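Spelled out from the first residue to the last, the chains are:
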Amino acid sequence: MLPRHLAVIMDGNGRWAKARGLKRSEGHKAGTQAAKNIVTRCRELGIEHLTLYTFSKENWARPKDEIATLFDLLTVFLKKELTSLREQDIRLKILGELSEFPFGVKQVVAHTIKKTEDCKSMTLNLALNYSGRDELVRACRKMVAEGISEDRITEETMSDYLYTAGQPDPDLIIRTSGELRLSNYLLYQAAYSELYFTDVYWPDFTPEELDKALAEYARRQRRFGKTGDQI
Ligand code: IPE
Ligand code: IPE
Ligand code: MG
């Protein structure tokens, strides 16, 4: 079985660069190319939703020049890939608070979202300025602001107030670079996700590495609380 929704924590760009005596920015550049290849592979395979952790709310704590590099790479990526996204019938969505972004980035992102809004084969979610806890806090605030009554607050309503509204929960979450944590990623949505960790640094995460992860996922038994015999 293929996951309907695959979410990835693209980690290890900095260590990849360091191991080669390169600057961290070179690692992020190589990471962008890896992301591009994974998007294409997911689309070919027929994965319907792909979510990439691109910039966390916590990442604002990084040096200013590194943040600037990340935004530059994102803007260039979106500008360069727009035609290809449309050709591949991929819709872009953002999970996170875009209002806090530099004007230029906001503009390119909004343009790409608009130009791909009718694409239907795959949704590419970029988690940008994303924090799982913040997402939940915002959802609660919005429900209160809209006067949602207590009895209408259900697990489904919660889902409808998250950035991922209307999309299935991730079936599989992959984290590269050997770190074994979620780093505030999709906390509500990850309730029953399968987790896959690999030591490979993100720039080295090729479509072949993805195939390995998907093969392992296909071997997992998802029980959702039932016994193995009931499945
Ligand atoms: C992931 O690589 C990219 C972002 C978090 C934006 P890192 O930059 O975290 O790489 P390491 O963890 O320092 O190796
Ligand atoms: C998680 O990676 C965020 C992204 C991949 C964008 P980090 O490298 O920021 O995670 P921590 O801080 O090491 O947990
Ligand atoms: Mg990291």
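Each value, and the rule that gives it
Residues numbered from 1 in each chain as written. Chains lettered and ligands numbered in written order. Predicted model: local features only at pLDDT ≥ 70, side-chain atom pairs only at ≥ 80, totals over all residues. Heavy atoms only, no water. Near = heavy atom within 4 Å. Polar contact = N/O pair within 3.5 Å; in protein donor to acceptor, adjacent residues only side chain to side chain. Areas by Shrake-Rupley, 256 points an atom, 1.4 Å probe, with all protein chains shown as cover. 1 Å grid on protein atoms, 1.4 Å probe; cavity = no way out; pocket = protein on both sides within 12 Å on 5 of 7 lines; lining within 4 Å. Sits in = over half its atoms within 2 Å of the grid points. Helix = DSSP H or I, 4+ residues; strand = E, 2+ residues; numbered from the N terminus. Contact = heavy atoms within 4.5 Å. Phe/Tyr/Trp six-rings, centres within 6.5 Å; stacked < 30°, edge-to-face > 60°. Buried < 20%, exposed > 50% of the residue type's maximum accessible area, 1.4 Å probe, protein only. Pairing = 2+ DSSP bridges. Axes fitted to C-alpha atoms, helices over the stretch in contact; angles between N-to-C directions. Nonpolar A, V, L, I, M, F, W, Y, C, P; charged D, E, K, R; others polar.

Participant: Is there a simple way to explain the site of ligand 1 in this structure?
Facilitator: Taken together, Met-10, Asp-11, Gly-12, Asn-13, Gly-14, Arg-15, Arg-24, His-28, Thr-54, Asn-59, Arg-62 and Leu-70 make up all the residues around ligand 1. Here Asn-13 contributes a backbone N or O atom positioned 3.2 Å from an oxygen atom of ligand 1. At a separation of 2.7 Å, an oxygen atom of ligand 1 approaches a polar side-chain atom of Arg-62. Against a free-state accessible area of 380 Å², the protein chains account for coverage of 86% of ligand 1. More than half of the atoms of ligand 1 fall within 2 Å of the grid points belonging to the largest pocket.

Participant: When you look at the side chain of Glu-194 in this model, what are you seeing that I'm missing?
Facilitator: Within the secondary structure, Glu-194 is located in strand E6 (residues 194-197). Here Arg-220 takes part through its side chain, which lies 3.0 Å from a polar atom of the side chain of Glu-194. With residues up to four places along the chain from it excluded, the contact list for Glu-194 reads Asp-171, Leu-172, Ile-173, Tyr-217, Arg-220, Gln-221 and Arg-222.

Participant: When you look at the packing of aromatic side chains in this model, what are you seeing that I'm missing?
Facilitator: To describe a pair of aromatic rings, one takes the distance between the centres and the angle between the planes. For the structure shown, the criterion picks out 11 aromatic pairs. Ring geometry for Tyr-53 versus Tyr-130: centroids 6.0 Å apart, planes at 80°, classification edge-to-face. Placement of Tyr-53 in strand E2 (residues 49-56) and of Tyr-130 in strand E4 (residues 122-130) is noted, with a sequence separation of 77 residues between them. As far as the burial class goes, Tyr-53 and Tyr-130 line up, both buried.

Participant: Looking at this model, I keep getting lost on the sheet that holds E2. Mind explaining?
Facilitator: The strands making up a sheet are joined through hydrogen bonds of the backbone, oriented either antiparallel or parallel. Ordered by their spatial adjacency, 6 strands build an open sheet running E3-E4-E2-E1-E5-E6, and the pairing between neighbours is parallel. Two strands lie at the open edges of the sheet, namely strand E3 (90-95) and E6, each paired on one side alone. Strand-to-strand twist of the sheet, defined as the mean angle between neighbouring strand axes without regard to direction, takes the value 20°.

Participant: Would you mind showing me how to read the site of ligand 2 here?
Facilitator: What surrounds ligand 2 is the set Ile-9, Met-10, Asp-11, Tyr-53, Thr-54, Phe-55, Asn-59, Arg-62, Arg-175, Arg-181 and Ser-183. The separation between an oxygen atom of ligand 2 and a polar side-chain atom of Arg-175 is 3.3 Å. Surface burial for ligand 2 is 78%, taken as the share of its 390 Å² of free accessible area covered by protein chains. Of all the cavities here, the one that holds ligand 2 is the largest pocket. Considering each element in turn, the shell around ligand 2 owes the most residues, 3 residues, to E2. The class makeup of the residues in the shell around ligand 2 is 4 nonpolar, 3 polar and 4 charged.

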